[in-house]
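Okay, here's what each chain looks like letter by letter:
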Amino acid sequence: MKKALSLLLVFIIFSLVPTVPAKAETLYPLDVLAYPAPGAPIVAIPGETVTMRAQDGVEITSLSIVSVLNGPYELQIVGKNGNELQVKIPENVVPDDYFLIVKSNKGEVVIPNGVWILKEYPKVLRIAHGSDLHVTSGAKIGYVNGEKFCRSIFKCGEGAIPLSSYMATDSFFTYWGMNPAVDVIIATGDVVDTAGDSKAYGYLLSLMENAIAAGKPTIIVKGNHDDPPKYFSKLIAPPIYYITIGKFIIIALDSDNERSHPTMEQLEWMEKILEQNPDKIPIIIVHHPYWYKTPEGRSGKIEGLSVFDDWETIAPLVSWYWIGGPERKSEDIAKRFLEDVEKYNIKLVLSGHVHADYVQVYIDKKGNEHWFVTSTTTGAPDKREKDNWYGSRIVEIDENGNVRLPGIEEMFGTIFGPISSFPVPQEFIVFRHTTDFGSAIKFVNEYQETTGKIAVVVPEGAKVDDAVTNVKYKVLGERTIGDKHYMLLEVTVPKGVSELVITKGKDTEKPQVSIAYTSPSKPIKGKPFKVYFKAKDNLGIKDLYVEIEANGEVKKYPAEPTKGGPNVDYFLAQIPGVDADEYTIRVVAVDFYGNKAVAEKVMGKTTTTTTSKTTTTTTSETTPSESSPAQTSTATTSKTCGPAVIVGLALVPLLIRRKK
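Calculation criteria
- Residues numbered from 1 in each chain as written.
- Predicted model: local features only at pLDDT ≥ 70, side-chain atom pairs only at ≥ 80, totals over all residues.
- Heavy atoms only, no water.
- Helix = DSSP H or I, 4+ residues; strand = E, 2+ residues; numbered from the N terminus.
- Buried < 20%, exposed > 50% of the residue type's maximum accessible area, 1.4 Å probe, protein only.
- Contact = heavy atoms within 4.5 Å.
- Areas by Shrake-Rupley, 256 points an atom, 1.4 Å probe, with all protein chains shown as cover.
- Axes fitted to C-alpha atoms, helices over the stretch in contact; angles between N-to-C directions.
- Parallel < 35°, antiparallel > 145°, perpendicular 65-115°, else oblique.
- Left-handed = near helix turned anticlockwise from the far one by under 90°.
- Nonpolar A, V, L, I, M, F, W, Y, C, P; charged D, E, K, R; others polar.
- Salt bridge = Lys/Arg side-chain N within 4 Å of Asp/Glu carboxyl O.
- Phe/Tyr/Trp six-rings, centres within 6.5 Å; stacked < 30°, edge-to-face > 60°.
- Disulfide = S-S within 2.5 Å.
- Pairing = 2+ DSSP bridges.

Labelled according to an unreviewed UniProt entry, the chain appears under the name Metallophosphoesterase, originating from Thermococcus paralvinellae.

Right under this line is the structure:
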C-alpha cells in the first residue's frame with residue numbers, strides 16, 4: 001500500500017511540473033536549397049534567368065532578395081525540372097550582393113550571398129585570396145608585432161598583439177569587404193579548425209555576413225579541416241560546385257582529408273563542365289596545392305615542358321598530396337589533372353593548406369601560362385616564423401586569361417619571393433564588439449589608410465557617437481535582415497589606432513574585472529606563469545591588459561582570449577617571470593568611453609590579497625601594445641535541477657517506511 005502511495009506521489013509531482021516544449025530542429029541555409037549557398041552564390045545581371053536547385057523533398061513557395069540598401073525584390077520561378085528551378089531576375093534590380101530569402105514547405109531560411117547581381121560582367125576579375133582561416137570556438141592564438149609573427153609572445157617583443165584565428169578572420173573579411181580594388185573574396189579551405197565545431201561555422205558565417213552586407217561576395221572551398229563536411233555542407237557550400245561569372249568559370253574541387261587530392265570522378269565531372277563551357281576562362285579552387293617546387297625553388301617557373309611528352313621530368317615537382325607520396329599511389333590523378341590544365345587551358349589554380357606563399361607558373365610547350373597561386377594562412381598561428389605572416393593577396397585575371405598579382409612585385413621586388421602576400425590581417429586588425437547597447441570597433445592599422453564600406457550589426461535606434469568616434473564616416477543606410485539589424489557606413493580607417501562607436505546612448509557603466517587565479521597558483525620566482533581573469537562591459541572593452549608592479553617598476557602584458565568567437569569574457573596574460581618576493585598583479589580594463597576598472601592581487605611569501613576598484617575617466621590613451629580582443633558576454637543564470645528535487649521528494653515515503 002505504501003509503495004503504491006509512493007508511486008502515486010511521484011505521478012502527482014511530475015504532473016505538476018510544467019513541461020518544456022521540444023526545441024524546433026535547426027534549419028540551416030543548405031537544408032532547403034542545394035544551390036546557391038553562402039559560399040557559392042549565383043551570379044547574374046538584371047533580367048537574366050538563373051538556375052537554382054532545391055534539396056530533395058523540398059517545395060519552394062517563394063524567393064526574394066534584399067540588401068542593406070536595396071530591395072526587397074521578388075524573384076519569379078518561371079520553370080521547374082525536378083529539383084531545378086528556373087528563376088527570373090527582375091529587370092529593375094540594383095547591382096549588389098544580396099541575401100536570398102527562401103520560403104518552402106520545410107520552413108524559411110535566409111541565405112547570405114545567395115545572389116550577386118552585377119551591372120555588367122567584368123572584363124577583369126579581381127579576387128581577394130585568403131586561405132586557412134582556422135576559425136575555432138577554442139583558443140588558437142598567434143602573436144604579431146608589425147611585420148613580425150611569433151608563436152610565443154615571449155619572442156615577439158614589447159608591443160606584441162595576441163591575434164586569435166577568429167579576429168584574424170574578422171579583420172580579413174572587414175578589410176577586403178572595404179577594399180574597392182577587389183570584386184570578390186575567395187577562401188581556399190580549412191575555414192574552421194575542426195570539422196565538427198558547429199559554433200566555429202556559425203562564427204565564420206557571421207564574419208562572412210559582415211562582408212556580404214557591405215556588398216562584397218564570398219566564395220569558399222572545402223579543406224581537410226572541413227572534412228567530414230557535416231556543417232560545411234549545411235552552412236557554407238557544397239563540397240564541389242561551379243560558378244559562372246560572364247567570361248569566367250570558377251570550379252571548386254574537394255581534395256578531402258586523408259586523400260589530399262580530388263577523385264578521378266571529380267576530374268571527369270570537371271571535364272564535362274569545361275566541355276559544356278568552351279568559351280569560358282577556367283579558374284580552379286582546391287585546398288591542397290598541386291606543385292611542391294619548381295626548378296627555380298619553391299616558387300618560380302616551370303617552362304618548356306608538356307605533360308604529354310615530359311611527365312617523368314615533371315612528376316618530381318608535383319606535391320605528394322596529388323601524386324600520392326614517393327610511391328606515386330595517385331599518379332593517374334596528378335597526371336590527368338595536368339593534362340586537363342593543358343587541354344582546357346586552365347589559367348589559374350588557387351589553393352592553400354601549406355600555410356606559406358607559393359607562386360608557380362607552368363608554361364607549356366605551346367607557350368600558354370598556367371598560374372598556380374597558393375596563399376599563406378590568413379588565420380592560423382601554426383606556421384613557420386621565418387619569412388611568414390598572416391597574409392592574403394589580390395589575384396587578377398582578365399578575359400584573355402592573363403594573370404597578375406598587383407602590388408606584390410612593387411612591395412617585394414619579385415612575385416616569386418618567400419613572402420608574396422599583403423600583411424592583411426597581420427597589420428590591419430579589427431577588434432569588434434557587439435552588445436544590446438551598441439557596437440564598437442577598434443582598428444589597429446599599421447598597413448595603410450583604407451576607405452570603403454563596412455557593415456556593423458547594431459541594435460535598432462543606435463547612432464554613431466561622434467564624441468568617441470575618430471574615423472571619418474558616412475552612414476549609407478540600415479536595415480534588418482533575418483535576425484540582425486545592419487548599419488552600412490563608408491569609413492576611412494587611418495594608420496594608427498582608431499575607433500568607431502555606435503550606441504543607443506552615452507556609456508556611463510564601468511567594466512567589470514576580477515582575477516580568477518594564477519597558474520601555477522604559487523608562481524616560482526623568476527619563472528613564467530599565467531594570470532587568468534574575467535572582464536566584461538556593457539558595450540565593449542577597448543584596452544585590456546595586466547600590469548605587474550615589482551621592485552618599484554611597472555610592466556604591461558596584453559590580454560589573450562581563452563576561447564574563440566565573439567562575446568569572450570575570460571582571458572589570460574602570460575608573464576615571463578617576476579624577480580621579486582612580493583609584487584602586485586593588476587588587471588586594467590578601459591572601455592570606449594574611458595570608464596576604467598582595476599582588479600589587484602598582491603603576491604607575497606606569506607600573504608596573498610585580492611582587491612578590485614573602479615574609476616571613471618574622460619580620456620584614455622591607447623597604444624597597439626594595449627590592444628586586446630576583449631568582448632562582452634550575455635549573463636547566464638543557473639537553477640536547481642528540477643528532476644533531482646522531484647526524485648528526492650518521491651523517495652520520502654520509502655525512507656519513512658524504511659525507518660519504521
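Let's pick the thread back up.
Asks: Residue-level account of the overall build of the chain, with values.
Replies: Tallying secondary structure elements over the chain gives twelve helices and 39 strands in all. With 660 residues in all, the chain has 57% of them scored as buried. Counted over contacts in the chain with a minimum sequence separation of 6, partners at least 24 positions apart contribute 70%. When the accessible surface of the chain is summed, it comes to about 27700 Å², and 50% of that surface belongs to carbon and sulfur atoms.

Asks: Describe in detail the environment of S498, supporting the description with residues and values.
Replies: Topologically, S498 is positioned in strand β30 (residues 496-503). Taking relative accessible area as the criterion, S498 reaches 1% and is therefore assigned buried. In this structure, the C-alpha to C-alpha distance between S498 and I441, residues 57 residues apart in sequence, is 8.4 Å. Those residues within four positions of S498 in sequence are excluded, and the remaining contacts are I441, K442, F443, N470, V471 and V493.

Asks: Please give an account of the packing of helix α3 (residues 165-178) against helix α4 (residues 198-213) that cites residues and values.
Replies: Two elements in contact, α3 and α4, have axes whose closest approach is 8 Å; the angle formed by their N-to-C orientations is 20°. Relative to α4, the element α3 is oriented roughly parallel. Pair α3 / α4 crosses with right-handed handedness. From α3, Y166, T169, D170, F173 and G177 reach across to α4, where they touch Y203, L204, L207, M208, N210 and A211. Its residues assigned to classes, the contact of α3 with α4 comprises seven nonpolar, three polar and one charged.

Asks: Can you tell me about the pattern of salt bridges, naming the residues and giving the values?
Replies: Counted by the stated rule, this structure contains 27 salt bridges. K335 is paired through a salt bridge with E339; the nearest N and O atoms lie 2.8 Å apart. Of this pair, K335 and E339 both sit in helix α9 (residues 331-343), separated by four residues, roughly a single helical turn. K335 gets classed as partly exposed once you look at its relative accessible area, which sits at 27%.

Asks: Would you mind going over the packing of aromatic side chains in detail, with residue names and values included?
Replies: Under the criterion given, the structure shown has 25 aromatic pairs. Measuring from centroid to centroid gives 6.0 Å for Y73 and Y98, while their planes differ by 80°, and the two rings are edge-to-face. Of this pair, Y73 sits in strand β5 (residues 73-81) while Y98 is found in strand β7 (residues 96-104), placing the two residues 25 residues apart along the sequence. Here Y98 falls in the buried class, since its relative accessible area comes to 0%. Arranged with centres 6.4 Å apart and planes meeting at 55°, the rings of Y242 and W269 form a pair that is tilted. Of the two residues, Y242 is situated in strand β15 (residues 241-245) and W269 in helix α6 (residues 264-276); the sequence distance between them amounts to 27 residues.

Asks: Summarise the state of the cysteines; cite the residues concerned and give the values.
Replies: Scanning all chains against the criterion turns up one disulfide. Between the sulfur atoms of C150 and its disulfide mate C156 the distance is 2.4 Å. With the S-S dihedral at roughly 85°, the linkage between C150 and C156 falls on the right-handed side. For the residue pair C150 and C156, the accessibility class agrees, reading buried in each case.

Asks: Before we move on, can you summarise the sheet that holds strand β12 (residues 161-164) with the specific residues and values?
Replies: Strand pairing within a sheet occurs via backbone hydrogen bonds; the two strands may be parallel or antiparallel. Read across the open sheet, the three strands follow the order β11-β10-β12; overall the sheet is antiparallel. The two strands at the open ends of the sheet, each matched to only one other strand, are β11 (148-150) and β12. Sheet twist, expressed as the average angle between the axes of neighbouring strands with direction ignored, equals 35°. As paired strands, strand β10 (residues 141-145) and β11 are joined by three bridges and run antiparallel to one another. Of the residues in β11, the one forming a bridge with N145 is K148.

Asks: Can you lay out unusual backbone geometry for me, pointing to particular residues and giving the numbers?
Replies: Looking along the chain, the bond that leaves Y35 and enters P36 is cis, with omega of 10°. Its location among the elements puts P36 in the loop between β1 (33-35) and β2 (42-44). In this structure, the amide linkage connecting D227 to the following residue, P228, adopts the cis form with an omega of 0°. Within the fold, P228 resides in the loop between β14 (218-221) and α5 (232-235). One non-glycine residue, D190, adopts positive backbone phi at about 50°. Tracing the backbone through its elements, the reader meets D190 in the loop between β13 (184-188) and α4. One non-glycine residue, D256, lies in the positive phi region at around 65°. Structurally, D256 is set in the loop between β16 (248-252) and α6.

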